[in-house]
Amino acid sequence: MKKNKTVLLGERDENGKLKVPHTCYGLLSNLKYVFEKIRKYKPFLIPMFLFGAVTQSVLRYLWSYIGKFLVDLIEAQALHNSTDILPLVQMLGVAAVIEIIAIGGAVIVSNRLSFSMTLVRFMVITEKNDKLLSMNYQMLEQPHILDLYQRAGNSLGGNWQGFEGMMNRIYYIMAQVVTLIVTASTIVVLDPRLILVLTVAMLINYGSQQWSIKDDKKHFWDAASPTRRKMQYMERCTQDFDYAKDIRLFSLKPWLLRKQKDILADYRSKYQKSRNFWLRHSWIYSSTSLIASSVMYYILITQVLHESVSIGNFTLYLGLCGAFSQALSDFYDNFGQLQFSSNMVDDLRTLMDLETEDEKDCLDIGLLGDTYNFEFKDVCFRYEGAKEDTIRHLNLTFPAGQRLAVVGLNGAGKTTFIKLLLRLYDVTSGEILVNGYDIRRFRRKEYYTLFAPVFQNVELFAFPLAENVSMKEPEQTDRERALKCLLRAGMEEKLQSLEKGIDTEILKVLYEDGVDLSGGEKQKLALARALYKDSPIIVLDEPTAALDALAEYELYQNFDKMMEGKSAVYISHRLSSTRFCDRVAMFMNGQIVEYGTHEELLAKQGEYARMFEVQAQYYEENDGEGNTP
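What about the nonpolar core?
With 59 residues, the main nonpolar core has Leu113, Phe163, Leu194, Leu300, Phe324 and Leu348 as its most contacted residues. The set of elements that each furnish at least two residues to this core consists of α1 (27-41), α2 (45-79), α3 (86-134), α5 (143-154), α6 (162-190), α7 (192-222), α10 (253-305) and α11 (311-352). Sort the elements by how many residues they give to this core and α11 lands first, with 16 residues. Residue contacts for Leu194: discarding those within four places in its chain leaves Ile187, Met296, Ile299, Leu300 and Cys321. Residues Val454, Leu575, Phe580 and Val584 belong to the second largest nonpolar core, which totals 45 residues.

As C-alpha cells, then:
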C-alpha cells in the first residue's frame, strides 16, 4: 500500500513553526509491519494465534449447545415419566471435559502469547532506541522531533496500546470472527432478521466508537505529547541526584511543585476531553444495545408462542444470539481499538522511517590520507527558531598539526564553531572543507573517527572504569591501554584507592557497589578517553571550566605534551591555553575579530590584548616572595 505523507520533515505551520512529522501508513500496511516483526522475533506466535482463537471461540458458545441438549433431554424424560439421571450426568461430564480442555488451552495459550508479544515489543523498543542513537545530533534539540519521539514511545508504552495493542487486538479479533461464523450460520436458519438487527446496532456503535477514537487521538494523545514530555522532565528533576543540591540550597521545592501542578492541570484538562468523548460513546452504545436486545427477545418469544421453536432451541438461539451479539460488539470494539493502535504505530513508523540524511554516494574517508587540513569558507549557522545567525561569514584555515586556541567571552560562538567542525551541526550556508572536500560528503560515523573530543560536561556511563575510557564493549576494550591512558591522565592516586581498579563499576544506577567521580576526576577520565581514542585531531571544549585559571593552564600544558604532534583545538573563555598554541582565533558575536599568534595579538593591543591583561595575573606564578620568575 502506498504511503500517504501528511506532514513532511521540515514542514511548517502558519506561524512558521516546524510541525511534528507524521505519515499515515494505513491499517493494512501497519498489520503487515507488525507481522513482519512477529516473524522476525517470535515466528511461532502466528500458529498460536490460530489455536488460541479457536479455544477462545469455543468457550463463547459451548454452553449454548449444551443447554439445548440438556433441555431436550429433560423434556424427553418428562414426556416418558423417566427418573433416570444417568444420561444427564453423562452429558454434563462430557461438557465438563470439553470446557476444561478449552479453558486449559485458552489459559496456556493466552499466557504464552502475552509473554511473547511483550518480548516482541521490547525488541522493537530496542530498534526505536537504536534509531534515536543513530539520529543526527542537531535533530535531537528540535522540539518537533522530541514530540515525535514521545509519540513513538507512547506506541510502545503498554500491552494494550500501539504496537503490542495491535497484536492483542488481532488475536481477539480472530477469536471473534470464528465465533461470528459459527453462531451466525445457526441463527440465520431460524430468522435472518436477528442477524440484521444485531448487525445494525453494532454498526451504529462502531461508528460512534470511530468518531470518539478520532477525537481522542487528535485532542488528547497528540495534543498531550508535549505535556507528557514536560511531565517526564519534571519527574527527572525531582529524582536526578545531580539536581538535588541546587534544589535544596536554593529552596526550589515550592517553585518546582507549582510548575508541576501547572503541567498536571494542563494534562488533566486534555484528559477530561478524552473522557467526555468516551462518555458520549457509552451513552450511544447503551441505547442501541438496549433496543437491539428488545427486538431480539421479541422475535424469539414470538417464535416460541407460535410453536415453531422448541424450548431447547429457544435456549440455543438465545445463547447463540447473545454470543453473536457479544462477539460482534467485541469485534467492532477491538477493530476500532486496532485502528486506534494502528494510528499510534503510524507515529512509531514515522520515527523509524525518518530520513535524517542521504548517505548515498558518500566518499570513503580513507581517501583523505593521514593529514587533515580544514577550511571554513563563508560559513553561517543559525539555530532553529533563532532570528539571527550565531556564526556569521566565518573564514578560517586550520592546517594539519596546528594547535588552535579559540577564545572569547561566553556566547561568542566558540562551542557552535566546534559543533560545526565536528559536524554535530551542518552549516546553514557556506561550506567546511577537509583536504578540499566538503565534510558533508562523508558518512558522519566515519567522519567522527577523526576527532577525540573532551567536553565541558563529562558524562559517565554505568560501565566499568575500563569501558568508560575505551567507550567500547568489554571484548573490544584493550584493558592495558585503558590503564595506561588513565595513568597518563593523572588518575594514579584514584586507581590506587579502588579495590577493583579499572574493573570498578561507575555510578550506582546498575550496581550497588558502583562509585561516582569528583569533578576533577571526571575531567581526567575525559582526557583518558581522548588519549585512548587516539584520533588525529583533539578538541577540548572548555573541559576545565570548573578549575581555577592556573590549574587550567597547568593541565593544558601537561595534556599538550601528551598529544605527540596531533592537531588540536582548545576552546576557552579564559586565555590559559593560548601561550603554547600556534594560532589564536578571537571570537565576538559569532565572528573572528582577531587572528594570529599570541604575541601578534598582544602587539595589536586589541580585544585579545585587553582580555589577556585582565586575566594575566592568574597565569603568573611567583616564587613565594611576590616575585614572578
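Here the narrative resumes, following the displayed structure.
Quick notes on the sheet that holds strand β4 (residues 391-398)
Sheets are built from strands paired through backbone hydrogen bonds, the pairs being either parallel or antiparallel. Pairing in this open sheet of four strands is antiparallel, and the strands run β4-β3-β6-β7 from one edge to the other. Strands with a single pairing partner mark the edges of an open sheet, and in this sheet they are β4 and β7 (437-438). Examined bridge by bridge, strand β3 (residues 374-381) and strand β6 (residues 429-434) share five bridges and lie antiparallel to one another. Opposite Phe374, over in β6, you have Val434 as the bridge partner. The sheet strands contacting helix α12 (residues 414-421) are β3, β4 and β6, and the helix crosses β3 at an angle near 120°.

Considering the packing of aromatic side chains
Applying the stated criterion across every chain yields a total of 17 aromatic pairs. Each ring, one from Phe376 and one from Phe417, has its centre 4.9 Å from the other, and the planes form 35°; the classification is tilted. Placement of the pair is Phe376 in strand β3 and Phe417 in helix α12, with a sequence separation of 41 residues. Ring plane angle 90° and centroid distance 5.4 Å describe the contact between Tyr383 and Tyr425, whose orientation is recorded as edge-to-face. Residue Tyr383 is found in the loop between β3 and β4, and its partner Tyr425 is found in the loop between α12 and β6; the two are separated by 42 residues along the sequence.

Side note on the packing of α7 against α10
In helix packing, the relevant descriptors are the interaxial angle and the interaxial distance, both defined with respect to the helix axes. In the contact formed by α7 and α10, the axes pass within 9 Å of each other and the chain directions differ by 180°. Here α7 is positioned roughly antiparallel relative to α10, judged by the angle of their axes. Taken together, the residues that form the contact of α7 with α10 break down as 20 nonpolar, nine polar and five charged.

Some remarks on unusual backbone geometry
With a phi close to 50°, Asp378 is a non-glycine residue in the positive phi region. Following the sequence through the fold, Asp378 ends up in strand β3. Given the relative accessible area of 37%, Asp378 is considered partly exposed. The phi angle at Met471 is positive, at roughly 55°, despite the residue not being glycine. Met471 gets classed as partly exposed once you look at its relative accessible area, which sits at 41%.

Considering the environment of Arg479
Mapped onto the elements of the fold, Arg479 is located in helix α15 (residues 479-488). The class for Arg479 is partly exposed, based on a relative accessible area of 40%. When the C-alpha atoms of Arg479 and Ala201 are compared, they prove to be 71 Å apart, with 278 residues separating the residues in sequence. Here Arg479 is in contact with Ile502 and Asp503, once residues within four sequence places are set aside.

Some points on the sheet that holds strand β9 (residues 537-541)
Taking strand neighbours across the sheet as the criterion, the six strands line up as β8-β9-β10-β5-β11-β12 in an open arrangement whose pairing is mixed. Both outer strands of the open sheet, β8 (451-455) and β12 (591-596), are each paired with one neighbouring strand and no more. Taken pair by pair, the neighbouring strands of this sheet meet at an average axis angle of 15°, ignoring direction. Pairing of strand β5 (residues 403-407) with strand β11 (residues 583-588), which is carried by four bridges, proceeds in the parallel orientation. Counted as the bridge partner of Leu404 is Arg583 from β11. Across the sheet, helix α20 (residues 607-615) is in contact with β5, β11 and β12; its angle to β11 comes to roughly 95°.

What about α6?
Over its 29 residues, α6 runs 41 Å from end to end, which matches the ideal 42 Å to within 8%, given 1.5 Å per residue. Largest kink in α6: about 30°, centred on Ala184.

Overview of the pattern of salt bridges
The final tally for this structure, using the stated rule, is 16 salt bridges. Note that Arg444 is salt-bridged to Asp426, the shortest N-O span being 2.8 Å. Here Arg444 is found in helix α13 (residues 444-448), whereas its partner Asp426 is found in the loop between α12 and β6, with 18 residues between them in sequence. Owing to a relative accessible area of 6%, Arg444 belongs among the buried residues under this scheme. The partner of Glu607 in a salt bridge is Arg610, with the nearest N and O atoms 2.9 Å apart. Note that Glu607 and Arg610 are positioned in helix α20 at a spacing of three residues, about one turn of the helix. Owing to a relative accessible area of 32%, Glu607 belongs among the partly exposed residues under this scheme. Connected through salt bridges with shared partners, the residues Lys37, Lys40 and Glu127 form a single ionic network.

What to know about the confidence of the model for the protein chain
Within the protein chain, residue pLDDT values average 83, and 93% of them lie at 70 or more. Contacts from residues 622-629, a stretch scored under 50 in pLDDT, to residues over four places away or in other chains number seven contacts.

A few points about the packing of α5 against helix α8 (residues 225-239)
Two numbers describe how α5 lies on α8: the axes approach to 9 Å, and their chain directions differ by 90°. Here α5 is positioned roughly perpendicular relative to α8, judged by the angle of their axes. Between α5 and α8, the contacting residues are Pro143, Leu146, Asp147, Gln150, Arg151 and Asn154 on the first element and Ser225, Pro226, Arg228, Arg229 and Gln232 on the second. Partitioning the contact of α5 with α8 into residue classes produces three nonpolar, four polar and four charged.

What counts, and where the lines are drawn
- Each chain has its residues counted from 1, following the order in which its sequence is written.
- With pLDDT at 70 or above as the cut-off, local features in this predicted model cover only qualifying residues; side-chain atom pairs require 80 or more to be listed or tallied, and sums for whole chains, interfaces and linings still use all residues.
- Working from all heavy atoms in the structure, the side-chain values ignore hydrogens and water.
- Working definition of a nonpolar core: buried Ala, Val, Leu, Ile, Met, Phe, Trp, Tyr and Cys residues. They are joined through side-chain atoms within 4.5 Å.
- The cut-offs for exposure are 20% and 50% of the maximum accessible area for each residue type, with area from a 1.4 Å probe on protein chains only; residues under the lower value are buried, those over the upper are exposed, and the others partly exposed.
- Secondary structure is summarised from DSSP: a helix means a run of H or I of at least four residues, a strand means a run of E of at least two, and numbering begins at the N terminus for each.
- Contacts are assigned to residue pairs with any non-hydrogen atoms lying within 4.5 Å of each other.
- Two strands pair under a simple rule: DSSP has to find at least two bridges between them.
- To get an axis, a line is fitted to the C-alpha atoms, and for a helix only the part in contact is used. The angle between two axes follows their N-to-C directions and goes from 0 to 180 degrees.
- Between 30 and 60 degrees the pair is tilted, below 30 it is stacked and above 60 it is edge-to-face, where a pair is any two Phe, Tyr or Trp rings, Trp via its six-membered ring, whose centres lie within 6.5 Å.
- Small angles under 35 degrees read as roughly parallel and large ones over 145 as roughly antiparallel, with 65 to 115 read as roughly perpendicular and the rest as oblique.
- Gly counts as polar in this scheme, as do all residues outside two lists: the nonpolar Ala, Val, Leu, Ile, Met, Phe, Trp, Tyr, Cys and Pro, and the charged Asp, Glu, Lys and Arg.
- One less than the number of residues in a helix, times 1.5 Å, gives the span that helix is expected to have.
- Note on bend: at a given residue it equals the angle between the axes fitted to the 7 residues ending there and to the 7 starting there.
- In what follows, salt bridge is the name for a side-chain nitrogen of Lys or Arg lying within 4 Å of a carboxyl oxygen of Asp or Glu.
- Every residue carries a pLDDT, the predictor's confidence in it, which falls somewhere between 0 and 100.

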